[in-house]
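# Working through the structure, step by step
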Amino acid sequence: DMERQEAKNAPVPLDPAEKDKLDAMRLKHYELFKPKAHWMKRSCREVMKVAGNITSDMEHVPLATPPNYEQEWLETRKNPAGEDVIDVARASTKNIEITAALDPD
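For the structure given in this document, a descriptive report is provided here. (Residues numbered from 1 in each chain as written. Predicted model: local features only at pLDDT ≥ 70, side-chain atom pairs only at ≥ 80, totals over all residues. Heavy atoms only, no water.)

## Digging into a nonpolar patch on the surface
A grouping of Val-50, Ile-54, Met-58 and Val-61 is seen on the molecular surface, where their side chains present a nonpolar patch of about 350 Å² in accessible area. Among the structural elements, Val-50 can be located in helix H2 (residues 16-59). The exposure class of Val-50 is partly exposed, given its relative accessible area of 37%. (Patch = residues over 30% accessible without salt bridge, like charges linked within 9 Å, V, L, I, M, F, W, Y side chains within 5 Å. Areas by Shrake-Rupley, 256 points an atom, 1.4 Å probe, with all protein chains shown as cover. Salt bridge = Lys/Arg side-chain N within 4 Å of Asp/Glu carboxyl O. Helix = DSSP H or I, 4+ residues; strand = E, 2+ residues; numbered from the N terminus. Buried < 20%, exposed > 50% of the residue type's maximum accessible area, 1.4 Å probe, protein only.)

As structure tokens, then:
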């Protein structure tokens, strides 16, 4: 009974043309994200190296007054080129592929 159920739920084999099309799409995705994966993995490792320090430091930081002090402070800072630091940070961390996938319009 279990074997029949598994056989019923088994994937349907694709015809060669559909398989080639799917493989091409997978390869394109792989080639697009492979270089990014290296940097994402590296960045995650860097964060993990200091994660304990961040937690420890945050335990000793007094509560800010007003509550959004950090955000307001960042909104008023400019880099040497005269650009808003917060806007530069937002632009540099924006992932176009994810943004486009979430909001394709």
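## A short note on the pattern of salt bridges
Per the counting criterion, the structure on display carries four salt bridges. For Asp-23, the salt bridge is made with Lys-19, and the minimal N-O distance between the two is 3.0 Å. On the criterion of helical spacing, the pair formed by Asp-23 and Lys-19 is a turn pair, its members being four residues apart in helix H2. As a salt-bridge pair, Asp-84 and Lys-78 come within 2.5 Å of each other at their nearest N and O atoms. According to the relative accessible area criterion, Asp-84 is partly exposed, its value standing at 22%. Through salt bridges with shared partners, a single network forms among Lys-19, Asp-23 and Arg-26.

Scope: geometric values only; no functional claims are made or implied.
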